[in-house]
Amino acid sequence: MPLALRDLQAAFAAHLLGADRADLTAEVFGDTIPASARLRVYRHHVFESLGAALAATFPTVQALVGADFFRGLARAFVGQSPPDQPVLAEYGAGFPAFIAGHDAARELPYLADVGRLDWALNLAFHAPAGGRLAATDLAALSADRLPSLRLALAPGTALISSPYPLDRIWAASQPDAPAGTVDLDGGAHLLVLRRPDDAAFVALSAGEVAFVTGLADGLSLEEAACRADSGFNLSVAFARLLGLGALAASQ
Amino acid sequence: MTTTRIAIASALAAALVLPAAAQAQGNMEKCYGVAKAGKNDCQTATSSCAGTSKTDAQNDAWISVPKGVCDKLVGGKTTAG
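Residues numbered from 1 in each chain as written. Chains lettered and ligands numbered in written order. Predicted model: local features only at pLDDT ≥ 70, side-chain atom pairs only at ≥ 80, totals over all residues.

**Student:** Go over the overall build of chain A, please, and point to the residues and values.
**Tutor:** Within chain A, the secondary structure is distributed over 12 helices and four strands. For 251 residues, the compact-globule formula gives about 18 Å, and the C-alpha radius of gyration of chain A, at 24 Å, lies well above that figure. Taking the principal axes of the C-alpha coordinates as reference, chain A spans close to 80 × 45 × 30 Å. For chain A, the residues scored as buried account for 41% of the 251 residues in total. (Helix = DSSP H or I, 4+ residues; strand = E, 2+ residues; numbered from the N terminus. Rg over C-alpha atoms; globule rule 2.2 N^0.38 Å. Buried ≥ 20, exposed ≤ 12 C-beta atoms within 10 Å, placed from the backbone.)

In structure tokens:
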């Protein structure tokens, strides 16, 4: 007896991410090409398309491990965590955590953090570009009101910290990177940003990290500044964040 | 206002009048999004729809040794945790 439409759809969905199903192949014509082969075209397409989307979103991870290894990693992830929404650019939020827990990546302990950087750059790239706070926006305020201001980070802005030098790893992974080795010692604090035409990141000092984290936590400028160490230069750091467009325009 | 608060207010006000050129500097790494454009298209470059010879390469025999640029990275911790 033919499957009801609802069961047919469920069987097809299960087939895409699972094994061949006899009840499904029985529903498909197999005159010139066997039904199972016809159906495998769709499964192949799902894994290839989602794998290609992940490769576009995580280019640094792919550069580090190579296309073959990445394809296997992506395939394992897709089978375990298929998309739950239709936008491919928004697929892969769980990929860095998946990498961290995957045996194959154990020899590359920095790989998950590189994935987090790739994901943050992807989010920044797709974040709205407008709505940045500029120094001129605050010029009309009297100075005594500045310390109590609460400023949010602009859309797409994210802080990525790692015990590994993600900035040097990223640079070494670019297509035009010079030959030669990269020292893995030393960590990095990176601020990922939406720029007018692209996404970018800058390295932050420890004091700047404390300040930015405070702002992201909803503290006032004064409270956030008090979190930084004694060598922190508030003027330079605040000017830098404004110049970078890292802060959201006030409502 | 306390002395600390005055100092903070002064530091913040000073930031607003720093020359723009001095504000945003510092080794920005730019990540161009050319490869990200059109990601939601059907994959045509790899022709995953074309032919059955490439269908469903489902197996676990994928290359399990990284062959990218990770061999350029040396030193540091080699295990997690």
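**Student:** Please set out the nonpolar core residue by residue, giving values where relevant.
**Tutor:** Judged by nonpolar contacts, the single largest core of 81 residues is most densely connected at Val 192 of chain A together with Leu 12 of chain B. Residue contributions to this core reach at least three from each of two domains, namely domain 1 (1-108) and domain 2 (131-251) of chain A. Ignoring anything within four residues of it in the chain, the contact list for Val 192 of chain A reads Ala 120, Leu 121, Ala 124, Thr 157, Ala 158, Ile 160, Ala 199 and Phe 201 of chain A. (Core = buried A, V, L, I, M, F, W, Y, C linked by C-beta atoms within 7 Å. Domains from an automatic or database assignment. Contact = placed C-beta atoms within 7 Å.)

**Student:** Account for the environment of Ala 249 of chain A, with residues named and values stated.
**Tutor:** All names here are of chain A. Summarising the element assignment, Ala 249 is placed in the segment after α12 (234-244). Of the residues examined, Ala 249 has 14 C-beta atoms within 10 Å and is grouped as partly exposed. Sequence separation between Ala 249 and Asp 137 is 112 residues; the distance between their C-alpha atoms is 8.2 Å. Dropping the residues within four chain positions of it, Ala 249 is found in contact with Gly 131, Arg 132, Leu 133 and Asp 137.

**Student:** Run through the environment of Phe 125 of chain A, naming residues and quoting values.
**Tutor:** All names here are of chain A. Tracing the backbone shows Phe 125 in helix α7 (residues 111-125). A tally of 23 C-beta atoms within 10 Å means that Phe 125 is categorised as buried. On a C-alpha basis, the gap between Phe 125 and Phe 47 in space is 24 Å, while along the polypeptide they are 78 residues apart.

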